[in-house]
Amino acid sequence: SYIVFNGELTKRDTISIDIEDRGYQFGDGIYEVVRVYNGRLFTWEEHVERLYASAEKIRMTVPYAKEEMKAVMEKLIEKNQLTDGTIYLQLTRGIAPRNHAFPGSDVQAVLVAYTRVSDRPVALMEKGADALVVEDKRWLHCDIKSLNLLGNVLAHQEALDAGCYEAILHRDGVVTEGSHTNISIVMNGTVYTHPANNLILNGISRKVMLKACDSTATSYKEEAFTVEQLLKADEAFITSTTLEITPIRRINNQPIGIEGEYKVIKKLQEAFTADIEAECGPLH
Ligand code: PMP
């Protein structure tokens, strides 16, 4: 299969990563995961905006224009004949002798992108996933989609070891987000989700979900909620590029709402699907 390496399409097995790439040594870089439906990019503009915003926050220069980036991703999809799947793309601060200090301005960011085939997780989206509440021990710039994912990895593994699908993170009893998703709850017909500040990643699917609230006349508040409120919620769900809107069935082994009913969630899922179809064409 083909990948993008520094702006060019190349066969995957022809490239290698330098041992002094700053992404490899420091996690000094940023990334995006973009969904492809019917061979078409979904919410590309939002993803590319977030990528450039992340770059700016870590004082990294992206050596490509946004349009250039889109053109090469479209070429990648075509070359790999990807219909349904994702594109993973990352930029690191480049290759330089190991030193915490930024390299000189002559060192260019390294861009890598590749595709993966994947279907929508329809079964999970219908029956729901189980979750475990875990302390959020990450740093205070969770708005940056950085390669430093150790806090997320450890939390997620803790959930997996407990037989759960996702870790729901909290700081001092206030729920922030999932290890690789955003979380929302429904209480008395209103959707609550953490405000998009430095404590969470401003998820693109979270945005699509809020748009779905508008189009279905579902009230919502970008307001933080506690673990206690989460456990008592009428419904709870996670959002992400690959999971879209996925209900949470149980948290810490405790059922949330009525299993399989997911009244508000189903409404939002329908609007989410309509949004995908409007941009990428009919889903099968
Ligand atoms: N929060 C975290 C920590 C994430 O890693 C992700 C992406 N996997 C999300 C939220 C969801 O973001 P998006 O909807 O843009 O995929």
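A quick note: this is a predicted structure, and the numbers were derived from the prediction, not measured.

Draft legend 1. How the structure looks around the pairing of strand S5 (residues 85-92). Most of S5 sits out of view: seven of its eight residues are buried. Where strand S3 (residues 29-37) lies against S5, eight bridges are found, and the strand directions are antiparallel. What sits directly across from Val-36, in S5, is Gly-85. Alignment of S5 against strand S6 (residues 110-117), held across eight bridges, turns out to be antiparallel. For Ile-87, the partnering residue across the bridge sits in S6 and is Thr-115.

Draft legend 2. Structural view of the site of the ligand. Taken together, 18 residues lie around the ligand, and Arg-50, Glu-177, Ile-204, Ser-205 and Thr-241 are the ones closest in. Ile-204 places a main-chain nitrogen or oxygen 2.8 Å from an oxygen atom of the ligand. At 2.6 Å from an oxygen atom of the ligand is found a side-chain nitrogen or oxygen belonging to Thr-241. Summarising the interface, the protein chains cover 91% of the accessible area of the ligand, which totals 390 Å² for the free molecule. Sorting the residues of the shell around the ligand by element identifies strand S9 (174-178), helix H6 (204-215) and strand S13 (235-240) as the ones contributing at least two each. Per-class residue counts for the shell around the ligand are three nonpolar, 11 polar and four charged.

Draft legend 3. How the structure looks around the sheet that holds strand S2 (residues 8-11). Spatially, six strands are ordered S2-S1-S6-S5-S3-S4 in an open sheet, and the strand pairing comes out antiparallel. Looking along the sheet, the strands with just one partner apiece sit at the ends: S2 and strand S4 (40-41). Most of the contacts of helix H2 (residues 44-57) go to S3, to which it runs at about 175°, and overall it touches S3, S4 and S5.

Draft legend 4. Molecular detail of helix H5 (residues 150-161). Its 12 residues place the ends of H5 16 Å apart at the C-alpha level, agreeing with the 16 Å of an ideal helix rising 1.5 Å per residue. For H5, the complete set of buried residues consists of Asn-152, Ala-155 and Ala-159. Seen along its axis, H5 keeps its buried residues to an arc of 70°; they face one direction. Seen from the buried face of H5, the exposed residues on the opposite side, beyond 90 degrees, are Leu-150, Leu-154 and Asp-161. Immediately downstream of H5, the backbone of Gly-163 shows phi near 80°, a positive value.

Draft legend 5. Representation of the domain arrangement of the protein chain. Domain parsing of the protein chain yields domain 1 (2-117) and domain 2 (122-280). Using C-alpha coordinates to define each centre, domain 1 is positioned 26 Å away from domain 2. Contacts between the two partners involve 28 residues from domain 1 and, on the opposite side, 20 residues from domain 2. Summing both sides of the interface, domain 1 and domain 2 together bury roughly 2000 Å²; the carbon and sulfur share of this comes to 62%. A per-residue breakdown of the area domain 1 buries against domain 2 is headed by Tyr-31, Phe-42 and Arg-50, which together make up 33% of the total. Linking domain 1 to domain 2 there are one salt bridge. Asp-143 is paired through a salt bridge with Lys-57; the nearest N and O atoms lie 2.9 Å apart. There are nine residue pairs in polar contact (both at pLDDT 80 or more) connecting domain 1 and domain 2. Those elements giving two or more residues to the side of domain 1 that touches domain 2 turn out to be helix H1 (22-26), S3, S4, H2 and S5. Among the elements that line the side of domain 1 that touches domain 2, the one with the most residues is S3, at eight residues.

Draft legend 6. View of unusual backbone geometry. One non-glycine residue, Gln-81, adopts positive backbone phi at about 50°. Look at Gln-81 and you get exposed, because its relative accessible area is 69%. Residues other than glycine seldom take positive phi values, yet Asn-188 does so here, at roughly 50°. When you line up the elements, Asn-188 lands in the loop between strand S10 (182-187) and strand S11 (190-193). Overall, the relative accessible area of 76% leaves Asn-188 in the exposed class.

What counts, and at which threshold
- Residues numbered from 1 in each chain as written.
- Predicted model: local features only at pLDDT ≥ 70, side-chain atom pairs only at ≥ 80, totals over all residues.
- Heavy atoms only, no water.
- Buried < 20%, exposed > 50% of the residue type's maximum accessible area, 1.4 Å probe, protein only.
- Helix = DSSP H or I, 4+ residues; strand = E, 2+ residues; numbered from the N terminus.
- Pairing = 2+ DSSP bridges.
- Near = heavy atom within 4 Å.
- Polar contact = N/O pair within 3.5 Å; in protein donor to acceptor, adjacent residues only side chain to side chain.
- Areas by Shrake-Rupley, 256 points an atom, 1.4 Å probe, with all protein chains shown as cover.
- Nonpolar A, V, L, I, M, F, W, Y, C, P; charged D, E, K, R; others polar.
- Contact = heavy atoms within 4.5 Å.
- Axes fitted to C-alpha atoms, helices over the stretch in contact; angles between N-to-C directions.
- Expected span 1.5 Å × (residues − 1).
- Arc of directions from axis to C-beta.
- Domains from an automatic or database assignment.
- Buried area = accessible area lost by both parts, 1.4 Å probe.
- Salt bridge = Lys/Arg side-chain N within 4 Å of Asp/Glu carboxyl O.

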